[in-house]
Amino acid sequence: MLAIHTNMPGVIPPAIDAAAFAGAPLPAGLSADEKHAYEQLAAFYKDVYYAFFMGTRPQTLTALSDSPVGLATFLLDHDARSLELIARSFDGVKEGLTRDDVLDNVTLFWLTNTGVSASRLYTVATGRGWENKLGFFSPKGVKIPVAASAFPDELFQAPKSWTEQAYPKLIHYNKLPKGGHFAAWEQPRLLSEEVRAGFRSLRK
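Conventions adopted
Residues numbered from 1 in each chain as written. Predicted model: local features only at pLDDT ≥ 70, side-chain atom pairs only at ≥ 80, totals over all residues. Heavy atoms only, no water. Axes fitted to C-alpha atoms, helices over the stretch in contact; angles between N-to-C directions. Helix = DSSP H or I, 4+ residues; strand = E, 2+ residues; numbered from the N terminus. Parallel < 35°, antiparallel > 145°, perpendicular 65-115°, else oblique. Left-handed = near helix turned anticlockwise from the far one by under 90°. Contact = heavy atoms within 4.5 Å. Nonpolar A, V, L, I, M, F, W, Y, C, P; charged D, E, K, R; others polar. Buried < 20%, exposed > 50% of the residue type's maximum accessible area, 1.4 Å probe, protein only. Pairing = 2+ DSSP bridges. Expected span 1.5 Å × (residues − 1). Arc of directions from axis to C-beta. Right-handed = clockwise from strand over helix to strand, strands pointing away.

Quick look at the packing of helix α1 (residues 14–22) against helix α2 (residues 32–45) now. Angle between the axes and distance between the axes are the two parameters that describe a pair of packed helices. Put simply, α1 and α2 touch, their axes get as near as 8 Å, and they point 45° apart. When the axes of α1 and α2 are compared, the pair comes out oblique. Crossing of α1 against α2: the hand is right-handed. Judged by residue contacts, I16, D17, A19, A20 and F21 of α1 engage Y38, L41, A42 and Y45 from α2. Its residues assigned to classes, the contact of α1 with α2 comprises eight nonpolar, no polar and one charged.

See below:
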């Protein structure tokens, strides 16, 4: 593997992650971008219990296999900001997703019966997931070149400072003007442009 691209970088310093998870006051000494990321992460952790359930009891999520309505409800209500972005398609907003895009995504999970198995990846802060014992947001010791795209409505918009610390061979970093947690789904043009730009220096 020559390099990777990510739009949800694992860059949160462990002490910052622990403070956000505990709902601690904003740590001192953070830059404006770091404060924004901390506030986003702390807000997400207040409503993260779906992820704990998915990570620790995935086999209990029977509605994801037994009911297309149950599956759709669970997929759409991922996090507060994602729900707002997805719901726009049902309000006639011509930005991001369409109703067909949403239905296609739910149908893909339904026809392949992968709602439950996809849940085993989940873990948040505790490292208690079935198949993933690492925290989602912490650095993973990646040593190869990395391209990172920071979307404003991701669970947190990764600051460049933390991204540079987490990825010593960072070859591309960009803050995007729009897009969220499901950037490849919601903003495919922006995401594809980011992947191309991120790997441009490696092309021969």
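Having put the structure on the table, let's press on.
What follows covers unusual backbone geometry. Backbone phi values are negative for most residues with the exception of glycine, while trans is the configuration of most peptide bonds. The backbone phi angle of N113 is positive, close to 55°, even though this residue is not glycine. For N113, the position within the fold is in the loop between α7 (99–112) and α8 (115–119). Owing to a relative accessible area of 48%, N113 belongs among the partly exposed residues under this scheme.

To continue, consider the sheet that holds strand β1 (residues 4–6). Strand order in the open sheet formed by three strands is β1-β2-β3, with parallel pairing between adjacent strands. Looking along the sheet, the strands with just one partner apiece sit at the ends: β1 and β3 (170–175). Direction aside, the axes of adjacent strands within the sheet are offset by 10° on average. Direction of pairing for β1 relative to strand β2 (residues 146–150): parallel, over a ladder of three bridges. When the bridges of β2 are listed, H5 appears paired with A147.

What follows covers helix α11 (residues 188–199). Taking 1.5 Å per residue, twelve residues should reach 16 Å; α11 reaches 17 Å between its end C-alpha atoms and fits that length. Those residues of α11 that sit buried are L190, L191, E194 and G198. Buried residues of α11, seen end-on, are gathered within an arc of 95° and therefore sit on one face of the element. Exposed and facing more than 90 degrees away from the buried side of α11 are R189 and R196. Where α11 is buried, its residues contact β1, β2, β3 and α10 (183–186).

Glancing now at the pairing of β3. Here β2 runs beside β3; their pairing, made up of five bridges, is parallel. Across the sheet, A148 pairs through a bridge with Y173, a residue of β3. Handedness of the β2-helix α9 (residues 160–166)-β3 crossover: right-handed.

A word on the side chain of H172. Turning to its location among the elements, H172 is positioned in strand β3. If near-sequence neighbours (up to four positions away) are discounted, H172 is found in contact with V146, A147, A148, E194, A197 and G198.

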